[in-house]
Amino acid sequence: MRIGIIGAGQLGQMLGFAARAHGHTCYFLGPSDKPPAAKVGPVVQASFDDRVALAVLAEKCDVITYEFENVPVDALADIADLVPIYPPLAALRQAQDRLTEKQLFETLDIPLPEYRTIDSAANLEDAAAAIGLPLVIKTRRLGYDGKGQFVLRKREDIGAAWQELGANALLAEQWVNFDYEVSAIGVRSGIGDIATYCLTQNEHAGGILSVSRAPVDDAVLTEQADRHVRELLEHLDYVGVLALELFVVGDRLLANEFAPRVHNSGHWTIEGAETSQFSNHVLAIVGEHPGPTGNRGHAGMINLIGEIPDAARQFAEGSLHDYGKTPRPGRKLGHITVVADSATDRDRLIGEITKSVTKSTGQHGTGT
Ligand code: AMP
């Protein structure tokens, strides 16, 4: 099949590699010159809302998907009559606004942090009084990797928070003193069969994912997260891979957000699972059954941010993925995956790699 992918970054590149392995051809659309996905297929260089470029892509392809969630839905809706688009645009629309996303969690009884919508500095006062401090103020739209957020710790900062973010539609959310963060990744095919991966634990630095570990050794949390991701997939009549990010607080999970796409916290599945998230996304959108999602051991993934130091190329036990991007502070340039027979060995490898990468760059995991 000919698959059109909106976005041509590293997720597009890895989707492209998976699609090629299944005998499909990919065409990409993205604004950058020489993006990572250019390694795997032709790129139509255009902005995401370029109606003409989207129509060209629709004309060329049998199915369209996307690799990031800030694609203008209305522009995609214009080509929806010409070609199937997966995941469904309704899911994309809901994920693009933190309010509708939270309302969806509420509809499905998926627990989430307390929150309020914010229209004024006075609203912020009310939210601080009702929920308590600290509060995380988030833009409803276009936030990612912690961008568009303000942690309000004292009432005196309400003015500063309003000045920084007040021009946007906002939410104020309870600060969650979580034990750790996890993501639950699942895939649903067009014929409705669902497969899920084991739960993944994620560490962030400066709002950017730095390390993932899978599986999480907790059967109760795994069962809860699995149930939530299945509920989302079914409710949304979803096709493709979806990632649900959650906070772990004791034996409870609180949903943070979901991504209607393949996800950085699932990169370990390339080496660490029987079928990668990228393969499974491709299988789902071309109308096939998902492949088995069992893990091959204890997997770890270390993001390479800002720079890929020479040290990162020297680990016999790690698989380096270099996306071929120009280095820039805070930019995700690649990742290393390790798979070990035990969690202890996996964590030792992650420790060695992280130490060595940090020594070389002095800034592993620090997003700017
Ligand atoms: P987000 O863009 O919502 O995924 O936020 C990025 C990161 O900020 C999350 O992965 C958390 O580490 C942190 N964060 C977001 N919301 C909260 C919250 N309500 N309480 C504590 N930390 C948060």
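Calculation rules
- Residues numbered from 1 in each chain as written.
- Predicted model: local features only at pLDDT ≥ 70, side-chain atom pairs only at ≥ 80, totals over all residues.
- Heavy atoms only, no water.
- 1 Å grid on protein atoms, 1.4 Å probe; cavity = no way out; pocket = protein on both sides within 12 Å on 5 of 7 lines; lining within 4 Å.
- Points joined across faces, edges and corners; volume = space filled by probe spheres on them.
- Helix = DSSP H or I, 4+ residues; strand = E, 2+ residues; numbered from the N terminus.
- Nonpolar A, V, L, I, M, F, W, Y, C, P; charged D, E, K, R; others polar.
- Domains from an automatic or database assignment.
- Buried area = accessible area lost by both parts, 1.4 Å probe.
- Salt bridge = Lys/Arg side-chain N within 4 Å of Asp/Glu carboxyl O.
- Polar contact = N/O pair within 3.5 Å; in protein donor to acceptor, adjacent residues only side chain to side chain.
- Axes fitted to C-alpha atoms, helices over the stretch in contact; angles between N-to-C directions.
- Parallel < 35°, antiparallel > 145°, perpendicular 65-115°, else oblique.
- Left-handed = near helix turned anticlockwise from the far one by under 90°.
- Contact = heavy atoms within 4.5 Å.
- Pairing = 2+ DSSP bridges.
- Core = buried A, V, L, I, M, F, W, Y, C linked by side-chain atoms within 4.5 Å.
- Buried < 20%, exposed > 50% of the residue type's maximum accessible area, 1.4 Å probe, protein only.

## Observations regarding empty space enclosed by the protein
No. 1: For the structure shown, the criterion picks out one cavity of 30 Å³ or more.
No. 2: Within this model, the largest cavity holds a volume of roughly 40 Å³.
No. 3: Among the elements that make up the lining of the largest cavity, the one with the highest residue count is helix α8 (residues 219-235) (four residues).
No. 4: Residue composition of the lining of the largest cavity, grouped by class: seven nonpolar, two polar and one charged.

## Re the domain arrangement of the protein
No. 1: Assigned domains within the protein: domain 1 (2-85), domain 2 (114-174) and domain 3 (180-361).
No. 2: Here domain 2 and domain 3 have C-alpha centroids that lie 29 Å from each other.
No. 3: For the pair domain 2 and domain 3, the two sides together bury roughly 310 Å², of which 31% comes from carbon and sulfur.
No. 4: Counting the contacts that link domain 2 with domain 3 gives zero salt bridges.
No. 5: Run the count over domain 2 and domain 3 and you get one residue pair in polar contact (both at pLDDT 80 or more).

## Digging into unusual backbone geometry
No. 1: Residue P87 is reached from Y86 by a cis peptide bond, and omega for that bond is -5 degrees.
No. 2: Within the secondary structure, P87 sits in the loop between α3 (73-77) and α4 (89-96).
No. 3: With an omega of -5 degrees, the peptide bond between L133 and P134 qualifies as cis.
No. 4: Structurally, P134 can be placed in the loop between α6 (121-131) and β6 (135-139).

## Observations concerning the packing of α6 against helix α7 (residues 158-165)
No. 1: It is at 10 Å that the axes of α6 and α7 come closest, and there the two elements cross at 130 degrees. One finds that α6 runs oblique with respect to α7. Crossing hand, α6 versus α7: right-handed. Contact residues: A121, L124 and E125 in α6; I158, A161 and W162 in α7.
No. 2: Residue composition of the contact of α6 with α7, by class: five nonpolar, no polar and one charged.

## Thoughts on the sheet that holds strand β7 (residues 149-152)
No. 1: Ordered in space as β5-β8-β6-β7, the four strands form an open sheet in which the pairing is antiparallel. Edge positions in the sheet fall to β5 (115-118) and β7, since each of these pairs with one other strand and no more. The sheet shows a mean angle of 25 degrees between the axes of neighbouring strands, taken without regard to direction.
No. 2: Note that β6 and strand β8 (residues 170-174) share five bridges and pair antiparallel. Among the inter-strand pairings, I137 is bridged to a residue of β8, identified as A172.

## Structural notes on the nonpolar core
No. 1: In this structure, I3, F28, W268, F278 and V282 are the most contacted members of the largest nonpolar core, which totals 34 residues.
No. 2: Elements represented by at least two residues in this core include exactly β1 (2-6), α1 (10-21), β2 (25-30), β9 (180-188), β12 (208-214), β13 (240-249), α10 (277-285) and β15 (298-305).
No. 3: In terms of residues, this core owes the most to one element, α1, which gives five residues.
No. 4: Mapping this core onto the domain boundaries places at least three of its residues in each of domain 1 (2-85) and domain 3 (180-361).
No. 5: If we ignore the near neighbours within four places in the chain, the residues touching I3 are A19, H24, T25, C26, Y27, C61, V63, T65, V282, I285 and V286.
No. 6: Formed by 29 residues, the second largest nonpolar core is a distinct cluster that contains V229, L236, L253 and A255.

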